[in-house]
Every structure is written in structure tokens, then in C-alpha cells.
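Observations on the three-dimensional arrangement
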Amino acid sequence: MDLRTGEPYWLMKNGYTHTYPTLTEDLQTEVCVLGAGITGALAAYALAKEGVEVTVIDKRHPGMGSTSASTALLQYEIDEPLHTLVDKVGRRRAEASYAACYRAIDAIGAIVREENLLVDFFKSPSLQYASKPSHARDLKKEYEARRAIGLDVALLPGDEVEELYGIGAPAGLLSSQGAQVDVYQLAHALLTIPLDNLRVYDTTEVEEVRPRRRGVELRLAGGGRIRARRLVICCGYESQRFLSRKVVEMATTYAIVTKPVDMQYLWPDRTLLWETKTPYLYLRTTEDDRIIVGGRDDEGHSRRRRNNALEKKAARIVRDVHRLRPDIPFHPDFIWAGAFGGTEDSLSYVGQVPEMDNTYFILGFGGNGIVFSQTGSEIVRDAILQRKNENADLYSFDR
């Protein structure tokens, strides 16, 4: 699957940070992780730190798929608001999902600190502003739903949103919990932690996955095979090929990174900004004071359509920002588009399916896929180690 178009900022900023070998020979391992983007990197790290022998493979260079096209906002907010998610999936699952995503942001930060990873990661609040007056009522409902489960949020009136952020909106919901990261950097940093039980191979394509009595066998396109006791599939949108039913609706999203902006035009605490309408406009900053903006999503993920639309979509995003904050000198430096997908209930899929024994999936679909992937890596790690996990059934395929 062709996952992106244009010049993703993280790839242009970082380049090829590390060289990995290609696997062409036979290999045995306790766990094989298929996919070396941020999801595979988090899963491999979670298992390897517990002493599990882990082999990671990817048909591309690590991080070169959807990871390089991510704008990497780390939010606990799911695309579906909590007060309406309750009606879709039930109160327990909805509230537990928000709580799990909330904790996952801190878990990612803890990994960065404990491993002393040299990545651009910093905590920041998150503000969702009402796109129109009728949405202010929904923000009040959302405020009440989150406060009821102990989440730290504040409901701001329109004049306060304008005073603090320069945005003319009727209301805003401010969350204290959020973060921003260079996700391409983070994936490579995790994959190159010096652990004797962690091996990583790139440009290694799987031709066939075969069940075995006590594990799985992966036949490689370039020759050779991998025999593993467990397989963890972290291929993002391309994971659909292994599933008998459709679990993701594909779309295309567009993004811009500006040239560095003078600090006087940036907003307090580098807050993540996003609106209530769907699809939503969202903004974040980088450590060198650039602004990343995304939005203007399209249904489907046709490469030809994406290529043809990129320049026009970028121009529309520029106009969107000018309407939101006309004072900002907004000069695009990088533009790109990427495949994006969501699920019917806006939750991730994590766990096993009946048709694939000894295999686990971590599918962090949606606007906060990186956060879903952290929770998913913990669930799968505990399943393989036969530990209890309170979120074990949260994103199951049979929900």
C-alpha cells in the first residue's frame, strides 16, 4: 500500500538515522514483530525489556510508512467524544478507553526518560475549541463526562479562548494532559536500544504466514523463513490483508509544516489545538518553533487523487489558518499527505482473531494512534507473558 505523498517533515528533518540489515536466511525467535513503525517499535520494546527474544522485520526502512507521515500529537482524547462514545460502546469500555489513553501519554514519557532517549518529546495541554455556537453545548456535556471520571479539564468561555489563544471561538475545552513528539525519532530510538534479545531487519518482505503446531512460520520474499512462537502484527493499515473482515475505513489527511515562527505568534504552553467539527483542523508546534497543521481529510486513499489534490489542499489549509489566526506569518516549508483510517467506534483493535493462532494484532487506528499503540503494546506483552491486564478486552475484535 502506498501510504504517503510529498515531503513528510520528520523524514526530511532526520534522514536515515540508522542502518539495519536485510534478513535472507532462516531464523528462529520467540516473538516476531511484523512492522517497524512506531507501533512495532513500542511493541518490541515492551517485550524485549521483559527479557523476551524479539525479532522485528519490515518490508520498508523503519518508520518510512505511516509513522513518517504522522503529525504526532499525543492526546488521550479519542475521535469520538466521551459523552457520545458511551452510547456506542457502553460506559465501562468508553470510560476505560479514555483513562487508558490518558495514562499511555505518561507511559511514553516515562520510556523516554528512563531510557534517556534523545528525541523531541515534551508535555503540553490540549484545547478543543467549538467550531460554531451549537458545538459549545456539546463541549459542556463533554466537560461534565470527563470530570465525572476524574480527568483534569476546564471549560473556557469564548472571551478566554480568544484572550489566551487568539482564536475567535464560542468556547473551548482545555485538558492538562497531552504531549508532542518527533515520532520518527522515537521509533528509531526504541529499535536501537542496545538489548541482546532485540534484532531488527528492514527491507525484508513477508510472502506468506503459515500456522505451525507451536507457533507460526513466515516465508520471506527474498528467501529464508522465520519460525516464531508468537507473531505480533503491527502493520497499520496494511494489516487488513491478514483479517477476514474489514475493520478500518480509509481516508487521506493533509499536513503542512511552516518555517520557524517568532515566539510572539505562538500560543501559551505550546498547547495542542483542534476543533470540534469533522474533519477537524489541528495545530501543534515543534521544538524549533515551527507550526504543524493538519486537516482537510478526504474519503479513500487513492494515490492518484492524493497527488492531484495535495497543492490545493495545502492552500486551503493555509486559508483555514489565516481565518483562525490572521496575525500569524504562515509560510509553508513542507507539505505532505498520508493514508489515514478510523474504525466504526473510533477505538483501536488489539488482540487475537480466530483465524490466526499464536498471533496478536496491535492496530492503533484513529487520531491518537500512537497512544493506542502504547496501550496495545502493554496488552499484548501481558498476554504473551500470561499476565493479567485490566484493559485486555478493551479493544478486542469481538466487541
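To be clear, the structure that these remarks concern was listed above.
Throughout what follows, the structure given in this document is the object of discussion. (Residues numbered from 1 in each chain as written. Predicted model: local features only at pLDDT ≥ 70, side-chain atom pairs only at ≥ 80, totals over all residues. Heavy atoms only, no water.)

Notes on the overall build of the protein
Of regular secondary structure, the protein possesses 10 helices and 20 strands. For the protein, the C-alpha atoms occupy an extent of roughly 65 × 45 × 40 Å along the three principal directions. Considering the protein as a whole, with its 399 residues, one finds that 59% of them fall into the buried category. Here the analysis covers contacts within the protein between residues at least 6 apart in sequence; of these, 75% occur between residues at least 24 apart. A total accessible area of about 17,000 Å² is found for the protein, and carbon and sulfur atoms account for 45% of it. (Helix = DSSP H or I, 4+ residues; strand = E, 2+ residues; numbered from the N terminus. Buried < 20%, exposed > 50% of the residue type's maximum accessible area, 1.4 Å probe, protein only. Contact = heavy atoms within 4.5 Å. Areas by Shrake-Rupley, 256 points an atom, 1.4 Å probe, with all protein chains shown as cover.)

Things to note about the pattern of salt bridges
Following the criterion strictly, the structure yields 32 salt bridges and no others. The closest approach of N and O atoms between arginine 199 and glutamate 53, which form a salt bridge, is 3.1 Å. On the criterion of sequence distance, the pair formed by arginine 199 in strand β10 (residues 198-201) and glutamate 53 in the loop between α2 (38-48) and β3 (54-57) is long-range, its members being 146 residues apart. Accessibility expressed as a relative area gives 28% for arginine 199, which makes it partly exposed. Residue classification places glutamate 53 among the partly exposed residues on the basis of a relative accessible area of 29%. The partner of arginine 92 in a salt bridge is aspartate 393, and the shortest N-O contact between them spans 3.3 Å. (Salt bridge = Lys/Arg side-chain N within 4 Å of Asp/Glu carboxyl O.)

Description of the pairing of strand β20 (residues 359-363)
For β20, the buried fraction is high: five of the five residues fall into the buried class. Across the two faces of β20 the burial is the same, with Thr359, Phe361 and Leu363 and Tyr360 and Ile362 all buried. Alignment of strand β13 (residues 225-233) against β20, held across three bridges, turns out to be parallel. When the bridges of β20 are listed, isoleucine 233 appears paired with phenylalanine 361. One ladder, built from three bridges, connects strand β19 (residues 349-351) with β20; its direction is antiparallel. The partner of valine 350 across the bridge, within β20, is isoleucine 362. (Pairing = 2+ DSSP bridges.)

Considering helix α5 (residues 91-114)
Here α5 is 24 residues long and its end C-alpha atoms lie 34 Å apart, about the 34 Å a rise of 1.5 Å per residue gives. One or two steps after α5, the chain reaches asparagine 116, where phi turns positive at roughly 55 degrees. (Expected span 1.5 Å × (residues − 1).)

Notes on the side chain of glutamate 77
Within the secondary structure layout, glutamate 77 lies in the loop between β4 (73-74) and α4 (82-89). At 2.9 Å, the side chain of glutamate 77 and the side chain of serine 175 are in polar contact. Dropping the residues within four chain positions of it, glutamate 77 is found in contact with Tyr98, Ser126, Arg146, Ser175, Trp274 and Asn368. (Polar contact = N/O pair within 3.5 Å; in protein donor to acceptor, adjacent residues only side chain to side chain.)

Observations regarding the packing of aromatic side chains
Each aromatic ring pair is specified by the distance between its two centres and by the angle formed by the two planes. Counted by the stated rule, this structure contains 10 aromatic pairs. Geometrically, the ring pair formed by tyrosine 9 and phenylalanine 334 is tilted, given 5.6 Å between the ring centres and 50 degrees between the ring planes. Of the two residues, tyrosine 9 sits in helix α1 (residues 9-14) while phenylalanine 334 sits in strand β18 (residues 332-342), which places them 325 residues apart along the sequence. Residues tyrosine 9 and phenylalanine 334 agree in their burial class; the two are buried. Plain terms: the ring middles of tyrosine 280 and tyrosine 282 are 5.8 Å apart, the flat faces sit at 65 degrees to each other, and that makes the pair edge-to-face. The exposure classification of tyrosine 280 matches that of tyrosine 282, with both residues buried. (Phe/Tyr/Trp six-rings, centres within 6.5 Å; stacked < 30°, edge-to-face > 60°.)

Some points on the sheet that holds β4
Strands belonging to one sheet form pairs held by backbone hydrogen bonds; the direction of such a pair is parallel or antiparallel. Strand order in this open sheet of three strands is β4-β9-β5, and the pairing throughout is antiparallel. On the outer flanks of this sheet lie β4 and β5 (121-123), each paired with one strand and no other. Relative to strand β9 (residues 179-181), β5 is paired through three bridges, and the arrangement is antiparallel. Across the sheet, residue phenylalanine 121 finds its bridge partner in β9, namely valine 181.

Concerning helix α9 (residues 303-324)
Helix length check: α9, at 22 residues, gives a terminal C-alpha distance of 30 Å against a target of 32 Å (1.5 Å per residue), a fit within 8%. Along α9, the helix axis deviates most sharply at leucine 310, where the bend reaches about 50 degrees. Buried within α9 are the following residues: Arg306, Ala309, Leu310, Lys313, Ala314, Ile317, Val318, Asp320, Val321 and Leu324. Of the surrounding secondary structure, the elements contacted by the buried residues of α9 are β1 (4-6), β6 (126-129), β14 (249-258), β16 (282-285), β17 (291-299) and β18. (Bend = angle between axes of the 7 residues up to and from the residue.)

Describing the packing of α2 against helix α10 (residues 369-384)
Relative to each other, α2 and α10 sit at 35 degrees, their axes nearing to 9 Å. Crossing hand, α2 versus α10: right-handed. Residues Ile38, Thr39, Leu42, Ala43, Ala46 and Leu47 of α2 touch α10, and the partners they reach there are Ile370, Ser373, Gln374, Ser377, Arg381 and Ile384. Looking at the contact of α2 with α10, its residues break down into seven nonpolar, four polar and one charged. (Axes fitted to C-alpha atoms, helices over the stretch in contact; angles between N-to-C directions. Left-handed = near helix turned anticlockwise from the far one by under 90°. Nonpolar A, V, L, I, M, F, W, Y, C, P; charged D, E, K, R; others polar.)

Structural notes on the pairing of strand β11 (residues 206-212)
When β11 meets strand β12 (residues 215-220), the two strands line up antiparallel, connected through six bridges. When the sheet's bridge partners are listed, arginine 212 is paired in β12 with glycine 215. Following β11, the chain reverses through two residues before pairing antiparallel with β12.

Quick notes on the side chain of glutamine 177
Structurally, glutamine 177 is set in the loop between β8 (171-175) and β9. The class for glutamine 177 is buried, based on a relative accessible area of 4%. From its side chain, glutamine 177 meets the backbone oxygen of tyrosine 102 in a polar contact 2.8 Å long.

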